[in-house]
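# Summary of the model geometry
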Amino acid sequence: MSEDFESHRCQSGFSSPSDGAGEVPDDPKDWVQVTRWRRAERVRLRGERQEVSVADRQAVGAALAGHLRDLLDDRFGGARGRVFSAYWPIKGEPDLRPLMAELHHSGVIVALPLVETKAAPLTFRRWTPDTRMVRGDWNIPVPPPDAPLVTPEIALAPLMGWTREGYRLGYGGGYFDRTLAALQPRPFVIGIGVNSAELPTICPQPHDIPLDIILSETGVQSAKDTV
(Lines give C-alpha, C1' and ligand atoms only; values in the text may rest on other atoms or scores of the structure.)
Protein backbone atom coordinates (compact mmCIF):
# COMPACT_ATOMS: atom_id res chain seq x y z
CA MET A 1 0.00 0.00 0.00
CA SER A 2 1.38 3.41 -1.00
CA GLU A 3 2.29 6.19 1.42
CA ASP A 4 -0.09 8.52 -0.44
CA PHE A 5 -2.93 6.09 0.21
CA GLU A 6 -2.20 6.02 3.95
CA SER A 7 -1.67 9.75 4.32
CA HIS A 8 -4.92 10.69 2.55
CA ARG A 9 -7.11 7.90 3.91
CA CYS A 10 -10.76 8.61 4.69
CA GLN A 11 -11.74 9.58 8.20
CA SER A 12 -14.94 8.36 9.85
CA GLY A 13 -17.71 10.96 9.68
CA PHE A 14 -15.80 13.09 7.18
CA SER A 15 -18.28 14.30 4.60
CA SER A 16 -18.23 16.52 1.54
CA PRO A 17 -18.67 20.25 2.19
CA SER A 18 -21.28 20.55 -0.57
CA ASP A 19 -24.97 20.35 0.34
CA GLY A 20 -26.48 16.97 -0.42
CA ALA A 21 -23.19 15.08 -0.39
CA GLY A 22 -23.19 11.59 1.05
CA GLU A 23 -21.10 10.40 3.97
CA VAL A 24 -17.56 9.49 3.02
CA PRO A 25 -16.96 5.76 3.62
CA ASP A 26 -15.62 4.85 7.05
CA ASP A 27 -13.21 2.27 5.67
CA PRO A 28 -11.02 3.43 2.75
CA LYS A 29 -9.94 -0.17 2.15
CA ASP A 30 -13.51 -1.27 1.44
CA TRP A 31 -13.42 -0.90 -2.34
CA VAL A 32 -17.10 -1.86 -2.70
CA GLN A 33 -18.12 0.89 -0.30
CA VAL A 34 -15.76 3.42 -1.86
CA THR A 35 -16.98 2.58 -5.38
CA ARG A 36 -20.60 3.03 -4.33
CA TRP A 37 -19.81 6.39 -2.72
CA ARG A 38 -17.82 7.61 -5.73
CA ARG A 39 -20.64 6.65 -8.06
CA ALA A 40 -23.13 8.64 -5.97
CA GLU A 41 -20.79 11.65 -5.91
CA ARG A 42 -20.46 11.55 -9.70
CA VAL A 43 -24.23 11.61 -10.05
CA ARG A 44 -24.53 14.50 -7.60
CA LEU A 45 -21.76 16.57 -9.14
CA ARG A 46 -22.98 15.94 -12.68
CA GLY A 47 -26.45 17.10 -11.69
CA GLU A 48 -25.08 20.28 -10.14
CA ARG A 49 -23.00 20.98 -13.24
CA GLN A 50 -25.96 20.54 -15.57
CA GLU A 51 -27.93 23.12 -13.59
CA VAL A 52 -25.38 25.88 -14.29
CA SER A 53 -26.68 28.47 -16.73
CA VAL A 54 -25.10 28.91 -20.15
CA ALA A 55 -23.91 32.41 -19.20
CA ASP A 56 -22.29 31.21 -15.98
CA ARG A 57 -20.71 28.26 -17.79
CA GLN A 58 -19.21 30.63 -20.37
CA ALA A 59 -17.88 32.87 -17.61
CA VAL A 60 -16.23 29.91 -15.89
CA GLY A 61 -14.67 28.77 -19.17
CA ALA A 62 -13.29 32.24 -19.86
CA ALA A 63 -11.85 32.53 -16.34
CA LEU A 64 -10.24 29.09 -16.56
CA ALA A 65 -8.78 29.92 -19.97
CA GLY A 66 -7.15 33.01 -18.49
CA HIS A 67 -5.63 31.10 -15.59
CA LEU A 68 -4.43 28.33 -17.89
CA ARG A 69 -2.87 30.83 -20.28
CA ASP A 70 -1.00 32.43 -17.37
CA LEU A 71 0.15 29.04 -16.10
CA LEU A 72 1.50 28.02 -19.50
CA ASP A 73 3.29 31.37 -19.83
CA ASP A 74 4.82 31.19 -16.36
CA ARG A 75 5.89 27.53 -16.34
CA PHE A 76 6.43 26.69 -19.99
CA GLY A 77 7.16 29.98 -21.75
CA GLY A 78 3.81 29.76 -23.50
CA ALA A 79 4.43 26.08 -24.47
CA ARG A 80 5.43 26.95 -28.03
CA GLY A 81 6.68 23.85 -29.80
CA ARG A 82 5.41 21.60 -27.01
CA VAL A 83 2.67 18.98 -27.29
CA PHE A 84 -0.33 20.09 -25.25
CA SER A 85 -3.25 17.70 -24.81
CA ALA A 86 -6.59 19.41 -24.27
CA TYR A 87 -10.10 17.91 -24.32
CA TRP A 88 -13.36 18.30 -26.22
CA PRO A 89 -16.01 19.51 -23.74
CA ILE A 90 -18.93 17.20 -22.94
CA LYS A 91 -21.62 17.08 -20.27
CA GLY A 92 -21.21 20.68 -19.14
CA GLU A 93 -17.41 20.67 -18.89
CA PRO A 94 -15.66 24.05 -19.14
CA ASP A 95 -15.22 24.90 -22.82
CA LEU A 96 -11.58 25.72 -23.59
CA ARG A 97 -11.82 25.37 -27.38
CA PRO A 98 -11.18 29.09 -28.04
CA LEU A 99 -7.94 28.79 -26.06
CA MET A 100 -7.03 25.63 -28.00
CA ALA A 101 -7.26 27.60 -31.24
CA GLU A 102 -5.28 30.48 -29.73
CA LEU A 103 -2.52 28.12 -28.58
CA HIS A 104 -2.36 26.46 -31.99
CA HIS A 105 -1.86 29.83 -33.69
CA SER A 106 0.88 30.70 -31.19
CA GLY A 107 2.91 27.59 -32.08
CA VAL A 108 1.70 25.06 -29.54
CA ILE A 109 1.12 21.50 -30.83
CA VAL A 110 -2.42 20.83 -29.64
CA ALA A 111 -3.65 17.25 -29.27
CA LEU A 112 -6.82 15.49 -28.17
CA PRO A 113 -7.08 12.15 -26.33
CA LEU A 114 -9.17 9.32 -27.72
CA VAL A 115 -10.07 5.73 -26.96
CA GLU A 116 -8.76 3.54 -29.77
CA THR A 117 -8.62 0.30 -27.77
CA LYS A 118 -11.05 -0.58 -24.99
CA ALA A 119 -9.57 -0.86 -21.47
CA ALA A 120 -6.19 0.41 -22.74
CA PRO A 121 -4.34 3.72 -22.35
CA LEU A 122 -5.62 6.64 -24.37
CA THR A 123 -3.91 7.69 -27.56
CA PHE A 124 -3.33 11.31 -28.59
CA ARG A 125 -3.74 12.77 -32.08
CA ARG A 126 -2.93 16.25 -33.25
CA TRP A 127 -5.73 18.78 -33.55
CA THR A 128 -5.91 22.09 -35.40
CA PRO A 129 -8.86 24.44 -35.97
CA ASP A 130 -9.10 22.94 -39.48
CA THR A 131 -9.26 19.31 -38.33
CA ARG A 132 -12.34 17.51 -39.64
CA MET A 133 -13.53 15.73 -36.52
CA VAL A 134 -15.14 12.29 -36.46
CA ARG A 135 -17.25 10.58 -33.80
CA GLY A 136 -15.31 8.54 -31.29
CA ASP A 137 -16.29 6.63 -28.17
CA TRP A 138 -19.43 7.95 -26.46
CA ASN A 139 -19.96 10.09 -29.61
CA ILE A 140 -17.24 12.50 -28.53
CA PRO A 141 -15.72 14.35 -31.52
CA VAL A 142 -12.09 13.27 -32.06
CA PRO A 143 -9.42 13.78 -34.73
CA PRO A 144 -9.60 11.29 -37.63
CA PRO A 145 -7.39 8.16 -37.83
CA ASP A 146 -4.98 9.90 -40.22
CA ALA A 147 -4.23 12.72 -37.77
CA PRO A 148 -0.63 12.42 -36.50
CA LEU A 149 -0.06 10.52 -33.26
CA VAL A 150 1.76 12.57 -30.63
CA THR A 151 2.88 12.19 -27.01
CA PRO A 152 1.80 15.03 -24.70
CA GLU A 153 4.27 16.94 -22.58
CA ILE A 154 1.42 18.86 -20.90
CA ALA A 155 -2.05 17.38 -20.49
CA LEU A 156 -5.38 18.66 -19.24
CA ALA A 157 -7.51 16.35 -17.12
CA PRO A 158 -11.21 17.16 -16.95
CA LEU A 159 -12.78 15.95 -13.73
CA MET A 160 -15.99 15.60 -11.79
CA GLY A 161 -14.47 16.39 -8.38
CA TRP A 162 -11.10 17.27 -6.89
CA THR A 163 -9.25 17.52 -3.58
CA ARG A 164 -6.63 19.86 -2.16
CA GLU A 165 -4.16 16.97 -2.30
CA GLY A 166 -4.44 16.96 -6.09
CA TYR A 167 -6.63 13.91 -6.54
CA ARG A 168 -9.38 13.87 -9.14
CA LEU A 169 -12.71 12.11 -9.22
CA GLY A 170 -13.04 11.16 -12.87
CA TYR A 171 -15.85 9.55 -14.82
CA GLY A 172 -15.22 6.03 -13.58
CA GLY A 173 -13.75 4.40 -16.68
CA GLY A 174 -10.17 4.48 -15.43
CA TYR A 175 -8.78 5.58 -18.77
CA PHE A 176 -6.93 8.64 -17.56
CA ASP A 177 -5.22 6.93 -14.61
CA ARG A 178 -4.30 4.03 -16.88
CA THR A 179 -2.82 6.47 -19.38
CA LEU A 180 -0.78 8.36 -16.78
CA ALA A 181 0.65 5.09 -15.50
CA ALA A 182 1.73 4.12 -19.02
CA LEU A 183 3.13 7.38 -20.40
CA GLN A 184 6.92 7.73 -20.18
CA PRO A 185 7.95 10.36 -19.46
CA ARG A 186 4.81 11.35 -17.66
CA PRO A 187 3.34 14.66 -18.84
CA PHE A 188 2.72 17.62 -16.57
CA VAL A 189 -0.97 17.17 -15.74
CA ILE A 190 -3.39 20.02 -15.04
CA GLY A 191 -6.80 19.21 -13.60
CA ILE A 192 -9.61 21.45 -14.83
CA GLY A 193 -12.50 21.85 -12.41
CA VAL A 194 -14.74 24.30 -10.60
CA ASN A 195 -14.74 25.48 -7.01
CA SER A 196 -18.07 23.85 -6.22
CA ALA A 197 -16.67 20.40 -7.11
CA GLU A 198 -14.13 20.38 -4.28
CA LEU A 199 -14.26 17.24 -2.12
CA PRO A 200 -12.55 16.58 1.24
CA THR A 201 -11.20 13.28 -0.15
CA ILE A 202 -11.83 10.71 -2.87
CA CYS A 203 -10.62 7.88 -0.63
CA PRO A 204 -7.51 7.45 -2.82
CA GLN A 205 -6.70 3.92 -3.91
CA PRO A 206 -3.29 2.68 -5.10
CA HIS A 207 -4.27 3.28 -8.74
CA ASP A 208 -5.27 6.92 -8.16
CA ILE A 209 -2.54 9.29 -9.33
CA PRO A 210 -2.46 12.87 -7.97
CA LEU A 211 -2.24 15.63 -10.56
CA ASP A 212 0.49 18.26 -10.74
CA ILE A 213 -1.91 21.20 -10.51
CA ILE A 214 -5.65 21.72 -10.25
CA LEU A 215 -7.13 24.90 -11.70
CA SER A 216 -10.60 26.30 -11.06
CA GLU A 217 -12.31 29.51 -12.10
CA THR A 218 -10.49 31.34 -9.28
CA GLY A 219 -7.02 30.03 -10.08
CA VAL A 220 -4.66 27.37 -8.72
CA GLN A 221 -6.32 25.24 -6.04
CA SER A 222 -3.73 22.51 -5.63
CA ALA A 223 -0.11 22.17 -6.69
CA LYS A 224 2.45 19.52 -5.83
CA ASP A 225 4.98 22.11 -4.77
CA THR A 226 2.54 23.79 -2.36
CA VAL A 227 0.56 20.94 -0.76
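The structure we're discussing is the one just above.
Below is a short write-up of the structure. Every value quoted in this text rests on a predicted model; they were computed, and no experiment measured them. (Residues numbered from 1 in each chain as written. Predicted model: local features only at pLDDT ≥ 70, side-chain atom pairs only at ≥ 80, totals over all residues. Heavy atoms only, no water.)

For the rest of this paragraph, the subject is the overall build of the protein. Scanning the protein from N- to C-terminus turns up five helices and eleven strands. Residues classed as buried in the protein amount to 49% of the 227 residues present. Only carbon and sulfur atoms are counted for the fraction: they give 51% of the accessible area of the protein, which is about 11000 Å². (Helix = DSSP H or I, 4+ residues; strand = E, 2+ residues; numbered from the N terminus. Buried < 20%, exposed > 50% of the residue type's maximum accessible area, 1.4 Å probe, protein only. Areas by Shrake-Rupley, 256 points an atom, 1.4 Å probe, with all protein chains shown as cover.)

Now for the side chain of Thr179. On the secondary structure map, Thr179 appears in helix H5 (residues 175-182). At 2.7 Å, the side chain of Thr179 and the backbone oxygen of Tyr175 are in polar contact. (Polar contact = N/O pair within 3.5 Å; in protein donor to acceptor, adjacent residues only side chain to side chain.)

It is worth spelling out the sheet that holds strand E9 (residues 188-192) at this point. Strands pair in a sheet through their backbones, by hydrogen bonds, and they do so in one of two ways: parallel or antiparallel. One open sheet accounts for seven strands, arranged E3-E2-E1-E6-E9-E10-E11; its pairing is mixed. Either end of the sheet is taken by a strand with one partner, and the two such strands are strand E3 (123-126) and strand E11 (219-223). Averaged over all adjacent pairs, the angle separating strand axes in this sheet is 30°, with direction ignored. Bridging between strand E1 (residues 83-85) and strand E2 (residues 109-114) involves three bridges; their strand directions are parallel. Note on E2: the bridge partner recorded for Phe84 is Val110. (Pairing = 2+ DSSP bridges. Axes fitted to C-alpha atoms, helices over the stretch in contact; angles between N-to-C directions.)

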